[in-house]
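Notes for the structure review
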Amino acid sequence: MRITVTVDGTEYSDDVEPRMLLVQYLRERLGKTGTVIGCDTSNCGACTVHLDGHSIKSCSVLAVQADGSEVTTIEGLARDGTLHPVQQAFHDNHALQCGFCTPGMIMQSVDLLADNPDPDEKAVREGLEGNLCRCTGYQNIVKAVRDAAHHMRPGAGPEAERVDERTPSHAAGGE
Amino acid sequence: MIPANFDYVAPAGVDEAVRALAEAGEDAKVLAGGQSLLPVLRMRLAAPTTIVDLRKVGDMRGVREDGDAIVIGAMTTHYEVQRDPLVAEHAELIKLATDTVADPQVRHRGTFGGALAHADPAGDLPAPAVALGAEFVIAGPSGRRTVPAAEFFVDFFTTALQPDELLVEVRVPKHTGWGAHYEKFNRVAQAWSIVGVAACVRADGGTIAEARVALTNMAATPVRATGVENALVGQPANAESIKAAAAHAAEGTSPTADGNADERYRKHLAEVLTGRAVAAAAGS
Ligand SMILES: Cc1cc2nc3c(=O)[nH]c(=O)nc-3n(C[C@H](O)[C@H](O)[C@H](O)COP(=O)(O)OP(=O)(O)OC[C@H]3O[C@@H](n4cnc5c(N)ncnc54)[C@H](O)[C@@H]3O)c2cc1C
Ligand code: FES
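Residues numbered from 1 in each chain as written. Chains lettered and ligands numbered in written order. Predicted model: local features only at pLDDT ≥ 70, side-chain atom pairs only at ≥ 80, totals over all residues. Heavy atoms only, no water.

1. Observations concerning the interface of chain B and chain A
What counts, and what does not: Note on contacts: a residue pair qualifies if any of its non-hydrogen atoms lie within 4.5 Å across the two residues. Defined in terms of a 1.4 Å probe, buried area is the accessible area two parts forfeit on being brought together, summed over both. The salt bridge criterion pairs a side-chain nitrogen of Lys or Arg with a carboxyl oxygen of Asp or Glu, the two atoms within 4 Å. Whenever two N or O atoms come within 3.5 Å, that pair is a polar contact, provided that in protein one can donate a hydrogen and the other can accept it, and provided that, for residues adjacent in sequence, both atoms are side-chain atoms. The secondary structure listing takes helices from DSSP runs of H or I that are at least 4 residues long and strands from runs of E that are at least 2 residues long, numbered from the N terminus.
On the chain A side, the residues contacting the 33 residues of chain B number 38 residues. Summing the contributions of chain B and of chain A, the shared interface buries around 2,900 Å²; its carbon and sulfur component is 48%. Area buried by chain B at its contact with chain A is led by R42(B), Q105(B) and R109(B), which between them contribute 23% of it. At the boundary of chain B and chain A, one finds 4 salt bridges. Two residues, D40(A) and R42(B), come together in a salt bridge whose shortest N-O distance is 3.0 Å. Put simply, chain B and chain A have 14 residue pairs in polar contact (both at pLDDT 80 or more) between them. Looking at the side of chain B that touches chain A, the elements with two or more residues in it are α2 (37-42), α3 (78-83) and α6 (104-109) of chain B. With 6 residues, the top contributor of residues to the side of chain B that touches chain A is α6(B).

2. A closer look at the pairing of strand β7 (residues 143-148) of chain B
All names here are of chain B. Definition in use: For two strands to pair, DSSP has to find at least two bridges joining them.
In this structure, strand β6 (residues 135-140) lies alongside β7, joined through 6 bridges in antiparallel fashion. By the bridge assignment for β7, E135 is matched with P148. In sequence, β6 turns back onto β7 through a hairpin of 2 residues.

3. So, the packing of aromatic side chains
We apply this condition: Any two of the Phe, Tyr and Trp rings considered here, Trp counted by its six-membered ring, make a pair once their centres fall within 6.5 Å; the pair's planes then place it as stacked at under 30 degrees, edge-to-face at over 60, or tilted in between.
The full count for this structure, using the stated rule, is 3 aromatic pairs over all chains. In this structure an aromatic cluster arises from ring pairing among F136(B), F152(B) and F153(B).

4. A closer look at the sheet that holds strand β3 (residues 50-53) of chain B
All names here are of chain B. Applied cut-off: Comment: axis = line fitted to C-alpha atoms, over the contacting stretch for helices; angle = value between 0 and 180 degrees taken between N-to-C directions.
In spatial order, the strands read β1-β3-β2; together these 3 strands make up an open sheet with parallel pairing. Each edge of the sheet is formed by a strand with only one pairing partner; in this case those strands are β1 (7-9) and β2 (28-31). Taking the axes of each pair of neighbouring strands and ignoring which way they run, one obtains an average angle of 25 degrees across the sheet. Bridge count for β1 against β3 is 3 bridges, and the pairing is parallel. The residue of β3 that forms the bridge with V9 is V52. Its contacts with the sheet put helix α1 (residues 14-24) on β1, β2 and β3, and the angle it makes with β3 is roughly 175 degrees.

5. Quick notes on the nonpolar core
Selection rule: Buried Ala, Val, Leu, Ile, Met, Phe, Trp, Tyr and Cys residues that are joined via side-chain atoms within 4.5 Å together make up what is termed a nonpolar core. The classification of residues rests on relative accessible area computed with a 1.4 Å probe and restricted to protein chains. Under 20% of the type maximum is buried, over 50% is exposed, and intermediate values are partly exposed.
Formed by 56 residues in total, the largest nonpolar core has its most connected members in I72(B), I94(B), L116(B), F136(B), F152(B), L167(B) and V172(B). Aside from chain neighbours lying at most four places away, what touches V172(B) is A69(B), I70(B), I72(B), A91(B), I94(B), L132(B) and A134(B). Core analysis: the second largest hydrophobic core is formed by 29 residues, V5(A), V23(A), C47(A) and L62(A) among them.

6. Points about unusual backbone geometry
When glycine is set aside, most residues are seen to have a negative phi, and most peptide bonds are trans. The phi dihedral of S42(A) is positive, around 65 degrees, even though this residue is not glycine. Among the structural elements, S42(A) can be located in the loop between α1 (22-29) and β3 (48-51). Here S42(A) falls in the buried class, since its relative accessible area comes to 8%. With phi around 50 degrees, F157(B) is a residue other than glycine that occupies positive phi space. Tracing the backbone through its elements, the reader meets F157(B) in the loop between β8 (153-155) and β9 (158-159).

7. Comments concerning the sheet that holds strand β1 (residues 2-7) of chain A
Residues and elements named next belong to chain A. A sheet is described by the order of its strands in space; here 5 strands give the open sequence β2-β1-β5-β3-β4, paired in mixed fashion. Two strands in the sheet have a free side with no partner beyond their single neighbour: β2 (10-15) and β4 (54-57). Adjacent strand axes in the sheet meet at a mean angle of 35 degrees, parallel and antiparallel pairs treated alike. With 4 bridges connecting them, β3 and β4 associate as antiparallel partners.

Shown next, in the form of structure tokens:
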């Protein structure tokens, strides 16, 4: 089946088998290996990307279900060589050890901050409940997300303008 | 793992979807959010020949008001239900239960109708639907029919839906002004209910005038705790009467034993969690 998907700002048109998972399409067809696969049970969140402005687990979506949609992966966050504030905060706060969960953690954190720009510790932990980390004990991840929120708050400088890329359909719940 | 091969269709309307199901025959499967179905396909626990994806069926999505009920489209996502003003005002119990489902990514994709059609005994939405007396609107080759919640859930992962039928929408009688609470017990984040209790209470000047209580994962299907409801009505909304009523919670239940809990522990949980849920719903 032929699908057309915009991934990290570039439009792709490809023939895919209906059974192909979105994560396979991203990794194996488009070479976007920044998005990783950590489990076989839809639990770990390592494969998290944004589909039309919402975080989703790309191992639990078919590529054909993304036809006509816009996908943002971890590879699409940095602009002109400058890290997204959430990426920078993970770096600054040492919010990783092995780094395998990091792409999914960052994509989910960006989603969380778009919904709640100033989350307290509990809100961060709940917002990241679909992402598992086996190394850090989550302490520095929580710190990083709150640090990013601080840097992205209104008036914090031009970076702040790059945070919320959601379309108006987000609020209306359309797809 | 990767699913076995299948044909894929994405019809644009309810009638078209029903026709597609009929044409594809017995081994067709409906795809909503895919958050239960895709894991099943990936594990190869099922291998349907045709997938009928409902993502383009626009009139199955969203919430509307219809007299003394609100109508929730089957394709409305958990994320949308959580934020819908009609649900918050007239069926807060459903919002509160949906808040506890899975994690944000799954709630962005998973749908209200999919969670009900899947009928997992540990799923969090069947019990609120039973507690509120919801009605299920089903479309099939011979037209539409409406099934009450008590008859919709038939057995483990089994509903009144036939293979050639679609769940279109769910009518939920308004419970405006009722207090509500969903008390879920699980071990870790993002996990299914070991036991859950859905409670909805209408208090009248400190007295409980009406109560609706239903239990998650205390049998193959959600259980309406009528013993608790009857014991609550007419009583003061205080700790003592709530505790006495909650002692009826496990009556008539037949919970399974698994790695999380045996039958006796589940019955104990049902009583404790019912006490908490009713107290929170009654605001006491
Ligand atoms: C990691 C994880 C954690 C989860 N935790 C919880 C939890 O704590 N509590 C909870 O309640 N749920 C949980 N879920 C399940 C989640 O709620 C799913 O969204 C839901 O069970 C299925 O909804 P869906 O739209 O994704 O349906 P799908 O997966 O698309 O479909 C599920 C089943 O229902 C059928 N179906 C779907 N829609 C219709 C329809 N309109 N008409 C007829 N048949 C239909 C499908 O054919 C399929 O058999 C979890 C899921 C995951 C992946
Ligand atoms: S790889 Fe998708 S949730 Fe684990």
